[in-house]
Amino acid sequence: MKNRVAEIARKTNETDIKLKLNLDGTGKANIDTGIGFFDHMLNNFARHGFFDIELKVDGDLYVDCHHTIEDTGIVLGQAIAKAIGDKKGINRFGSFMLPMDETLVLCALDLSGRPYLVYDLSLTTPQVGYMDTEMVKEFFYAVSYGAGMNLHIKQISGSNNHHIIEAAFKAFAKALDQATMIDNRLEGIILSTKGSL
């Protein structure tokens with residue numbers, strides 16, 4: 001099977017983003033968004049999902065981190081959708097419960113073509129590093145809509161905001177890796193009674 005790769009470039013008055021995503025990679029990443037903690041989360045996403053990512057974002061960080069993070073989510077979602085293609089042969093569904101010290105986060109998703117986000121993380125600090133914690137929800141919302149993905153992220157336990165956010169990104173990576181895997185029983189078939197997604 002040839003690697004499923006997508007390249008997206010998106011430029012607005014607020015951000016200039018170039019992304020290359022390989023769903024069938026080894027977890028290599030070259031990421032620069034200008035927000036250290038966000039880079040750390042995206043590197044974890046790449047590593048734990050075995051996705052190769054090259055990402056460069058020039059955003060209006062003199063305003064705040066909002067546009068950079070939200071627009072990166074939009075572009076990542078679009079790249080996921082493009083790399084998956086017609087969805088023939090993929091598992092479609094993925095879920096993972098990820099522990100990180102005192103934290104436990106569940107992520108479940110469906111590459112259904114119908115975007116929806118259910119988000120349940122209890123973050124208690126306004127920032128981790130230079131990333132506003134309210135942007136975690138905005139990022140996952142943007143990814144879910146860009147990819148046409150039904151995405152659920154739920155915190156089961158946890159008190160450290162760094163751990164909670166990192167567990168969410170890692171759980172998302174593992175669930176997405178599972179959902180995009182090819183199942184040989186589905187050769188040439190889309191996993192839906194409708195026949196399309």
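Conventions and cut-offs
Residues numbered from 1 in each chain as written. Predicted model: local features only at pLDDT ≥ 70, side-chain atom pairs only at ≥ 80, totals over all residues. Heavy atoms only, no water. Axes fitted to C-alpha atoms, helices over the stretch in contact; angles between N-to-C directions. Helix = DSSP H or I, 4+ residues; strand = E, 2+ residues; numbered from the N terminus. Left-handed = near helix turned anticlockwise from the far one by under 90°. Contact = heavy atoms within 4.5 Å. Expected span 1.5 Å × (residues − 1). Polar contact = N/O pair within 3.5 Å; in protein donor to acceptor, adjacent residues only side chain to side chain. Buried < 20%, exposed > 50% of the residue type's maximum accessible area, 1.4 Å probe, protein only. 1 Å grid on protein atoms, 1.4 Å probe; cavity = no way out; pocket = protein on both sides within 12 Å on 5 of 7 lines; lining within 4 Å. Points joined across faces, edges and corners; volume = space filled by probe spheres on them. Nonpolar A, V, L, I, M, F, W, Y, C, P; charged D, E, K, R; others polar. Core = buried A, V, L, I, M, F, W, Y, C linked by side-chain atoms within 4.5 Å.

Novice: Can you lay out the packing of helix 1 (residues 36–49) against helix 4 (residues 161–180) for me, pointing to particular residues and giving the numbers?
Specialist: Helix packing for two helices is described by the angle between their axes and how far apart those axes are. Look at helix 1 against helix 4: their axes get within 8 Å of each other, and the N-to-C directions meet at 35 degrees. Between helix 1 and helix 4 lies a crossing whose hand is right-handed. Contacts between helix 1 and helix 4 pair Phe 37, Phe 38, His 40, Met 41, Leu 42, Asn 44, Phe 45, His 48 and Gly 49 from the former with His 162, Ile 165, Glu 166, Phe 169, Lys 170, Phe 172, Ala 173, Lys 174, Leu 176 and Asp 177 from the latter.

Novice: Pulling in residues and values, what's your account of helix 4?
Specialist: With 20 residues, helix 4 extends 29 Å from end C-alpha to end C-alpha; this agrees with the ideal 28 Å at 1.5 Å per step. Backbone nitrogen of His 162 and a side-chain oxygen of the N-cap are separated by 3.0 Å at the start of helix 4; the cap is Asn 160.

Novice: Which residues make up unusual backbone geometry, and what values do they have?
Specialist: Its identity as a non-glycine residue notwithstanding, Lys 87 has a phi of 70 degrees, on the positive side. Its place among the elements puts Lys 87 in the loop between helix 2 (66–84) and strand 5 (93–100). Unusually for a residue other than glycine, Arg 92 sits at a positive phi of about 75 degrees. Structurally, Arg 92 is set in the loop between helix 2 and strand 5. Residue classification places Arg 92 among the buried residues on the basis of a relative accessible area of 8%.

Novice: Outline helix 3 (residues 134–147), supporting the account with residue identities and numerical values.
Specialist: Each full turn of the α-helix corresponds to 3.6 residues, which orients residues three or four apart in the same direction. Counted at 1.5 Å a residue, the expected span for helix 3 with its 14 residues is 20 Å, and the 21 Å between its end C-alpha atoms agrees. Where helix 3 is buried, its residues touch helix 1, helix 2, strand 7 (116–120), strand 9 (131–132), strand 10 (150–157) and helix 4. Remark: Gly 148 follows helix 3 within two positions and exhibits a positive phi of approximately 65 degrees.

Novice: Requested: an account of the layout of surface pockets, with residues and values cited.
Specialist: If you add up the space inside the largest pocket, you get close to 180 Å³. Considering the residues around the largest pocket, the lining is formed by Arg 4, Ile 84, Asp 86, Lys 88, Gly 89, Ile 90, Ile 182, Asp 183, Asn 184, Leu 186, Glu 187 and Gly 188. Taken together, the residues of the lining of the largest pocket sort by class into four nonpolar, three polar and five charged.

Novice: Residue-level account of empty space enclosed by the protein, with values.
Specialist: Scanning all chains against the criterion turns up one cavity of 30 Å³ or more. Here the largest cavity defines a volume of roughly 40 Å³. Together, Leu 19, Ile 31, Leu 42, Phe 45, Ile 53, Leu 55, Thr 72 and Leu 76 line the largest cavity. Of all the secondary-structure elements, those providing two or more residues to the lining of the largest cavity are helix 1, strand 4 (52–59) and helix 2. Among the residues forming the lining of the largest cavity, the class breakdown is seven nonpolar, one polar and no charged.

Novice: With reference to specific residues and values, describe the nonpolar core.
Specialist: With 58 residues, the main nonpolar core has Leu 109, Phe 140, Met 149 and Phe 172 as its most contacted residues. Among the elements that line this core, the one with the most residues is helix 4, at eleven residues. Setting aside chain neighbours within four positions, we find Phe 172 in contact with Phe 45, Cys 107, Leu 109, Phe 140, Val 143, Met 149 and Leu 151.

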